[in-house]
Amino acid sequence: MADAAVSLRGVRKLFGSAAAVDGIDLDAQQGEFLTLLGPSGCGKTTTLNMIAGFLHPDAGSIHLAGRKVDDLPPFRRDIGLVFQDYALFPHMTVAENVAFGLRMRRVDKAEIAKRVAAALDLVKLTGLDDRRPLAMSGGQRQRVALARALVINPKVLLLDEPLSNLDLKLRETMRLEITEVQRRTGVTTILVTHDQGEALVMSDRIAVMNRGRIEQVADARTIYERPATRFVAQFIGNMNLLDVVAVGPGGGTTCAVRFGAQTLTVAAPQKLEAEQHVLLAFRPERSTLLARPKDDAALELAGTVRQHVYLGTRTEVHVKLTNGASCVVELANDRGGTPPAIGSAVTVRIDAADCTAYPTESCG
Amino acid sequence: MRTRNIPWAMLRGTVVLLYLFILVPIVITVSVSFNAVNQSKFPPLGFSLRWWADAMSARWLQPLAFSIELGLVAAVLSMLLGMPLAFALVRHRFPGRDALTTLALGPLALPALVTGIGLLQFIHAAGLGFLFGFPTLLIGHVLICLPFSVRTTAISLRAMPPNLELAALSLGATPSTVLREITLPLVKSGVFAGGVFAFIHSFTDYSISLFLSRPGTQPITITILSFLEYGFAPTLAAVAALTLVVPLVLIAIVQRVFRIGDFLYAENARG
Ligand SMILES: Nc1ncnc2c1ncn2[C@@H]1O[C@H](COP(=O)(O)OP(=O)(O)OP(=O)(O)O)[C@@H](O)[C@H]1O
Ligand SMILES: [Mg+2]
């Protein structure tokens, strides 16, 4: 197999005595769109800054296209960067901003003009060459920053929360545009975001980070449907969590769990101890509501409807279970049927195949 | 509606008063200089240009030129010293940083007379008496001007998004190119604003110069001060009007080239 475009091995970064990045291994393949997703302060920017060469890892090493870059300063790494605040040079025009990297590479004038025009064309900014960045909208600045980073044909494109300063509608447009530009140029891209929607829409693969570590790396569907840890399960989308007991030691693949009188075998990616309390996770949209129990292989939870939350295409039904816990069932609003009335007794039903058990302690 | 307007009316009144207190003395000084009699009458009695002719003599023009020269050299030196100082203070944490801050900004808080007396004592104690005149004045003036250039440079440095330099680095610019092409162009208006402040401060100073100058090498302020012992004559009014013009012309020139207005008139300095 060819060398990964970016490869991190055992990379650690300490600030004082606290590890901002706590030993991560990560590979981005040639042409891949990889997203680092995680809550604020989990070490995403720190990771990106080490790839860019602004920070030196305290341990581990980084390779770009098979070449060790630990001793390479940022200006020799051939990396394209787009910052959250765009970091456009305010004293230069749009064209001068985009030309900057080429000028540093001593590309000749005619060639620079050609490539700047092509880059501006790529991000749909044709004709705005002579504008100053301060006289542009957020979306336009975003595109200039993208053009400036891409025009140097970087080995890797790094995007640090590039959309977080844009309003919602523009953010959604830019998501697709950036993805489109990435497909067309085929540049290996690492995006940093704390927005799961962004990660799910844009990425080939997502690396979910938490407290300086990577919890799972997988494509969007796997991350959403088979979260490897409780953290990933809770961080992406909505998740119901139910306190159950593991029947036997298990984990790695599956484990039997007990809830009241019901026992069922569910997925369990992590190791579980026998007779310990564990958390059973299931998605609101994978649960259904029944008027009365069916008593078959699925998990069935008795409860009372407490609240409806109408969301346009879906309705969330909040159910108070008889054991005191609560859970949410999401019903599609497709057939015009109304959800059970508030106060009515219902049974929440989830297929065993849609349940996953995790240890109670969320340790990576 | 009426009650709402009271604060506005008060604000307007205050502004008008402020302008009156700034402008009226200037108007009075300038008109006094046109008196036909050797008395500082206002409104002037008659009209003559003889006091202006007096003011244009070497007796006044020479110290004026001396002050301009001193101010320019002091401003340039404090810009050159203030820039690296501001960089060190804003960008780096190091032992003694607080001490350096105090040293660089201290003269701003100290009464200039105290600084002047201190410098006088020091120069004598250090056996540097032979330097009296331009060199000692320059040392003193750089000392009191430095806070201005450190300040304004530090303000522009802080106002600059830190990512700009990182972006330039990632685009292949070496650190020295980043300094030349990104950092310096973006802090230059702060640096020059500091220079203008420094010049004005030096040009209008008398409390330091009082101790450090000697006959023959006197700034205009000291010359005016010694002349005042004989009372206020229309000549002085003409000289005062003349000294007023110098900083105004300087600000007008520099403002054309750099956006120092941000520093002169507003908090929010940028680029
Ligand atoms: N220069 C620094 N000095 C000290 N601590 C730092 C420094 N930079 C980051 N940290 C700490 O390291 C941790 C990770 O920071 P980082 O900026 O990488 O987080 P992030 O995932 O990018 O968060 P966000 O989504 O808020 O940008 C945080 O706890 C932060 O406080
Ligand atoms: Mg960050």
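Higher on the page you've got the structure.
S.K.: Quick rundown of the overall build of chain B? Include the residues and the values.
M.R.: Secondary structure summary: chain B contains 12 helices and 0 strands in total. Along chain B, helices (α) and strands (β) appear in the sequence α-α-α-α-α-α-α-α-α-α-α-α when read from the amino end. By its C-alpha atoms, chain B is 70 × 70 × 30 Å across when sized along the principal axes. Residues counted as buried form 43% of the 271 residues belonging to chain B. Total accessible area on chain B is roughly 14600 Å²; 71% of this is exposed by carbon and sulfur atoms. For chain B, the centre of its 17 positive side-chain charges and the centre of its 9 negative side-chain charges are spaced 9 Å apart.

S.K.: Can you explain the environment of A:Leu146? Please cite residues and give values.
M.R.: Residue and element names in this part refer to chain A. Mapped onto the elements, Leu-146 comes out in helix α4 (residues 138-150). On the basis of relative accessible area, Leu-146 is assigned to the buried category, the value being 4%. For the pair formed by Leu-146 and Asp-78, sequence separation is 68 residues and the distance between their alpha carbons is 15 Å. In contact with Leu-146, not counting residues within four places along its chain, are Val-82, Val-123, Leu-157, Leu-159 and Ile-178.

S.K.: I'd love a proper account of the layout of surface pockets, names of residues and values included.
M.R.: Residue and element names in this part refer to chain B. Considering only enclosed or pocket space, the second largest pocket measures out at about 370 Å³ in volume. In terms of lining, the second largest pocket is formed by 15 residues, of which the most central are Thr-204, Thr-221, Ile-224, Ala-240 and Thr-243. Going through the elements one at a time, α8 (175-204), α10 (220-228) and α11 (234-257) are the ones with two or more residues in the lining of the second largest pocket. It is α11 that provides the largest number of residues to the lining of the second largest pocket, a total of 6 residues. A per-class count over the lining of the second largest pocket returns 12 nonpolar, 3 polar and no charged.

S.K.: Break down the packing of helix α5 (residues 112-125) of chain B against helix α6 (residues 134-159) of chain B for me, citing the residues and quoting the values.
M.R.: Residue and element names in this part refer to chain B. With their axes 11 Å apart at the nearest point, α5 and α6 run at an angle of 140° to one another. On the basis of the axis angle, α5 is oblique to α6. As for the relative orientation of α5 and α6, their crossing is right-handed in sense. Along its contact with α5, which presents Thr-115, Leu-119 and Ile-123, the element α6 presents Thr-136, Ile-139, Gly-140, Leu-143 and Ile-144. Of the residues that constitute the contact of α5 with α6, the class distribution is 5 nonpolar, 3 polar and no charged.

S.K.: Tell me about the packing of α8(B) against α11(B), and please be specific about residues and values.
M.R.: All names here are of chain B. At a minimum axis separation of 11 Å, α8 and α11 run at an interaxial angle of 175°. With respect to their mutual orientation, α8 and α11 come out roughly antiparallel. Along the contact surface, α8 presents Phe-192, Val-196, Phe-199, Ile-200 and Phe-203, while α11 presents Thr-243, Val-246, Pro-247, Leu-250, Ile-251 and Val-254. Residue classes in the contact of α8 with α11 are distributed as 10 nonpolar, 1 polar and no charged.

S.K.: Summarise unusual backbone geometry; cite the residues concerned and give the values.
M.R.: Omega for the bond connecting B:Phe42 with B:Pro43 falls within 30 degrees of zero, at -10°, which places this linkage in the cis form. Even without a glycine there, the phi angle at A:Tyr86 is positive, about 70°. Position of A:Tyr86 among the secondary structure elements: in the loop between β6 (79-82) and α2 (94-104). If you check the backbone angles, A:Arg211 has positive phi at about 45° while not being a glycine. The topology assignment puts A:Arg211 in the loop between β9 (205-210) and β10 (213-218). Looking at A:Arg211, the relative accessible area reads 63%, which means it is exposed.

S.K.: I'd like to hear about the site of ligand 1, residue by residue, with values.
M.R.: Residues and elements named next belong to chain A. Surveying the vicinity of ligand 1 reveals the residues Phe-15, Ala-20, Pro-39, Ser-40, Gly-41, Cys-42, Gly-43, Lys-44, Thr-45, Thr-46 and Glu-161. Cys-42 places a polar main-chain atom, nitrogen or oxygen, 3.2 Å from an oxygen atom of ligand 1. Within the complex, the protein chains bury 54% of what would otherwise be the 630 Å² of accessible surface of ligand 1. With 3 residues, helix α1 (residues 44-52) is the largest single contributor of residues to the shell around ligand 1. Counted by class, the shell around ligand 1 contains 4 nonpolar, 5 polar and 2 charged residues.

Analysis parameters
Counting restarts for each chain: residues are numbered from 1 in the order of the written sequence. Whichever chain is written first is A, and whichever ligand is written first is 1; the rest continue in order. Confidence filtering applies because this is a predicted model: local features only for residues at pLDDT of at least 70, side-chain atom pairs given and counted only at 80 or more, and all residues used for totals across whole chains, interfaces and linings. Only hydrogens and water are set aside; all other atoms, that is, all heavy atoms of the structure, feed into the side-chain values. The helix and strand labels rest on DSSP assignments: H or I over at least four residues marks a helix, E over at least two residues marks a strand, and numbering proceeds from the N terminus. Three exposure classes are used, based on accessible area relative to the maximum for each residue type with a 1.4 Å probe and protein chains only: buried under 20%, partly exposed in between, and exposed over 50%. The Shrake-Rupley method, run with a 1.4 Å probe sphere, supplies the accessible areas, and residue values consider only the shown protein chains as cover. Only four residue types enter the charge count: Lys and Arg as positive, Asp and Glu as negative, with His and the chain ends excluded. To locate a charge, the coordinates of NZ of Lys, CZ of Arg, CG of Asp or CD of Glu are taken. Whether two residues are in contact is decided by their heavy atoms: any pair within 4.5 Å suffices. Here the term cavity refers to a set of points on a 1 Å grid, laid over the protein atoms alone, in which a 1.4 Å probe fits but cannot get out; the term pocket refers to an open set having protein on both sides within 12 Å along at least five of seven lines, with lining residues being those that place an atom within 4 Å of a point. Grid points are joined across faces, edges and corners, and a volume is the space filled by probe spheres set on the points. Amino acids outside the nonpolar list (Ala, Val, Leu, Ile, Met, Phe, Trp, Tyr, Cys, Pro) and the charged list (Asp, Glu, Lys, Arg) are all regarded as polar, and Gly is one of them. Helix axes are fitted to C-alpha atoms over the stretch in contact, other axes to C-alpha atoms as well, and angles between N-to-C directions run from 0 to 180 degrees. Here the word oblique covers every angle except those under 35 degrees (roughly parallel), over 145 (roughly antiparallel) and from 65 to 115 (roughly perpendicular). Crossing handedness is read from the near helix: turned anticlockwise from the far helix by less than a right angle, it gives a left-handed crossing, and turned clockwise, a right-handed one. Residue proximity to a molecule or strand is established when one non-hydrogen atom of the residue lies within 4 Å of it. Residues adjacent in sequence count toward polar contacts only when both atoms are side-chain atoms; beyond that, a polar contact is any pair of N or O atoms within 3.5 Å, and within protein one must be able to donate a hydrogen and the other to accept it.

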